[in-house]
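Descriptive structure summary
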Amino acid sequence: MTDLLLVPVDDNVIFPGMTVVVPAAEVGAEEGEQVLLVPRHDGHFAGVGTVADVTGRTRLPNGVTAVQLTGVHRGKAGTGSADDAGHLRVDVTPHPDSTERDGRIRELESTYRVVVDEILELREDDGRVAAFLRGIDEPGALADTAGWSPEIPYDEKVSLLETLDVRERLELAVRLQRERLAEMQVRKSLREDVESGAAKQQREYVLRRQLEAIRKELGEGSDDAADGPDGYRAKIEAAGMPDHVREQAERELARLERTGEQSGESSMIRTYLDWLLALPWAKASDEQLDPTAARTVLDADHTGLEDVKDRIVEYLAVRKLRRDRGVEGDKPGSNSGQGTILTLVGPPGTGKTSIGESVARAMNREFVRMSLGGVRDEAEIRGHRRTYVGALPGRLVRTLRDAGTMNPVILLDEVDKVGADWRGDPSAALLEVLDPAQNHAFRDHYLDVEIDLSQVVFLATANQLDTIPGPLLDRMEVISFDGYTVEEKVAIARDHLLPRQVTSAGLTADDVTADEAALRLVVSEYTRESGVRQLDRSLGKLTRKIATRIASGSGPVVVDTDVVREHLGRQRFFTEAVERTAVPGVATGMAVTGAGGDVLFIEAASMVGTEGLVLTGQLGDVMKESARIALSWVRSHAAELGIAEDAFEGRSFHVHVPAGAIPKDGPSAGVTMATALVSLLTGRPVRHTVAMTGELTLQGRVLPIGGVKQKVLAAHAAGLTQIVVPERNRADLDDVPADVAAQLEFHPSMTITEVLDVALEPVEALQVAA
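Report follows, based on the coordinates.

Time to look at the packing of aromatic side chains. Under the counting rule described, the total for this entry stands at three aromatic pairs. On the numbers, 5.5 Å between centres and 45° between planes, the contact of F132 with W148 is tilted. Placement of the pair is F132 in helix α3 (residues 128-134) and W148 in the loop between α4 (139-144) and α5 (154-162), with a sequence separation of 16 residues. The exposure class assigned to F132 is partly exposed, which follows from its relative accessible area of 40%. Here the basic side chain of K235 rests over the ring of Y232, its NZ or CZ set 5.4 Å away from the ring centre. The residue whose ring lies beneath R386 is Y272, and the NZ or CZ to ring-centre distance is 3.9 Å.

Another aspect to go through is unusual backbone geometry. Although it is not a glycine, D448 sits at a positive phi angle of roughly 60°. By the element assignment, D448 lies in the loop between β11 (442-443) and β12 (450-451). Residue Q618 is not a glycine yet carries a positive backbone phi of 55°. Topologically, Q618 is positioned in the loop between β19 (612-616) and α23 (621-636). Classification of Q618 as partly exposed rests on a relative accessible area of 44%.

Bringing the nonpolar core into the picture now. Counting 50 residues, the largest nonpolar core has V359, L535, I546, V559 and V564 as its most contacted members. At seven residues, helix α18 (residues 486-504) tops the list of elements feeding residues into this core. Contact partners of V559, with chain neighbours within four places excluded, come to V512, T513, A514, D515, A518, L542, I546 and V564. Core analysis: the next-biggest nonpolar cluster, separate from the first, contains 46 residues, Y232, V433, L453 and L472 among them.

Okay, the packing of helix α2 (residues 103-122) against helix α6 (residues 166-218) next. Helix-helix packing is described using two parameters, namely the angle between the two axes and the distance between the axes. Where α2 meets α6, the axes come as close as 9 Å, and the angle between the chain directions of the two elements is 25°. Compared by their axis directions, α2 and α6 come out roughly parallel. Handedness of the crossing formed by α2 with α6: left-handed. Seen from α2, the contacting residues are R104, I105, L108, E109, T111, Y112, V115, V116, E118, I119 and L122; seen from α6, they are R167, L170, E171, A173, V174, Q177, R178, R180, L181, M184, Q185 and K188. Among the residues making up the contact of α2 with α6, the classes are represented as 12 nonpolar, three polar and eight charged.

Calculation rules
Residues numbered from 1 in each chain as written. Predicted model: local features only at pLDDT ≥ 70, side-chain atom pairs only at ≥ 80, totals over all residues. Heavy atoms only, no water. Phe/Tyr/Trp six-rings, centres within 6.5 Å; stacked < 30°, edge-to-face > 60°. Helix = DSSP H or I, 4+ residues; strand = E, 2+ residues; numbered from the N terminus. Buried < 20%, exposed > 50% of the residue type's maximum accessible area, 1.4 Å probe, protein only. Lys NZ or Arg CZ within 6 Å of the ring centre and 35° of its normal. Core = buried A, V, L, I, M, F, W, Y, C linked by side-chain atoms within 4.5 Å. Contact = heavy atoms within 4.5 Å. Axes fitted to C-alpha atoms, helices over the stretch in contact; angles between N-to-C directions. Parallel < 35°, antiparallel > 145°, perpendicular 65-115°, else oblique. Left-handed = near helix turned anticlockwise from the far one by under 90°. Nonpolar A, V, L, I, M, F, W, Y, C, P; charged D, E, K, R; others polar.

Structure follows, in structure tokens:
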């Protein structure tokens, strides 16, 4: 331990091997003596200092005498006291560096030299620093060279000085130099990017000036003038924009003039102005408000669909009276709430999309279709904000641009298939669009001006209402497309589908004639759907077969039932209610799916085993509960139904609903399940002409259900003639087409007992058969 004079070094760190000049008055030591240089910051001393030799005296340019100090090794200060001259002297424990090397130290030395070489390369060093480093052989001294860098902070330098172990010091030095290298690489990359961008901008500026000079020499300056501020100003004046839109356009035009053509922002402003000018602000179709003529057009294009036709005619009648009688508020932007938002809900192939074109033609308006299926980004509807690169207006603005008028018929196709994810909920953006009280001031995120949608007729289509959010559904006027009757399908095939397929196959009306019996055969035996898409495909196949015959030299073809069977092959759909219900335990129910109405057969069986109920057929929770309720009711009323008391003891019941691959749910099969179980336990088959639907309670009451019209149409198409429905659905039977209702016998029922009286074969009939 050595007694040395302590010399504080404020906000700096002196390492062994460094030489520093300090005013002689601060040192108080003579040449040949040693001192301890300790870093100090805000009055706080570091724990380790550097023992330095006083190697000489010199005079500074300002006349002050200074001493020259050279660091020798590290030293740790102990206790101390002031000498006679008032200088602090401390006991110092010297800590010279070890010169021994192991494998790890050699690896660190090599790594350190490589990192420093990369730094010197970035600094474009002239070689002197590299030569200096090559002259250092000791690992501790090599690590200390990291403290010579001015870019390394004071705290990190102190940590380097206080690290006495050579290996740890080398590890710290490598980390510090790597951080320094990474920082320098980032700075170099940024500098190169800025220089490259500036050079590119300068080059574009020169090229644009040269291009302007060339155009001027060729006399082609007119196009440039049209795209310049004066050209935009003329277009804005001629666009017929509302006042608030014109003011926004003029503000952007003023920005364009201030920015200049060479600015990168000018292209963004031009794109924005182009979109503002692309909208047909002052253009509107001269709509036809003749209800009679509109009904004629609708009837010519579509068979059936009376509800939507009536609603469109009502809308035109109201518009006509308001216009003729000068009612206030029937003009653009009036917030009169007169906009029409109809939602057409029904199975695929029922004409929901095609009716939109007919509506537009009947009203003499432009028609635009906007598909929403699979849309998951709110910006698809409202657009992106202009701050984003490549931003564009939403689909609604683009639809108005494509329509060319502010009062088109816009079909929002597949609105029930709009999704939502982390990008937002498009259905929330549609709330404003489809609200007649708000859509006169719709605001697109990109244009950021109010757009009047009150004159637009919106038609939305959907296959089901379950997936449409409640607030959005509340803004819609729902019209159900419940499917077509057999007679309507035959009429559609005769008047629309067959003529179109004949033309598509290159035939003429003289080449093909079809009687109604043949068309009815195609409808009943080769299709089973609520719409007419499969019917259209079947007729297309038929006409192609006929076209092949005629192209081969055959004459005109009369399509009868034999020709249909010859070209369409074997029958695809059968009326199977008779054979399916021939045995006890099978009942015919009715259901509604995404593809329309359908009939289903519920089968029940019992066997010896553990008492319980087995349910199969991919049934949902509600349908499983209906089956349990049905079994509980049957068991609790066994005596009234003539079922033996021991019929349930030691027996397991199994209820199956084909087809097993199709998921099913809902309460409307409750009465059908109960009927199947009673039929099984009493041995009385269900009448093959009966189909039923209704929710069952434990008290045996039959509750109302939905989709009555679609279910009845499906039962009629399946050849069933007696329909059991809940009593409280009696009013829904008015929706059934008159020609179908005339062929059916309806049995509205309040209780399951009434259902059983209609559905089961009487006991007397069974005795006679026996």
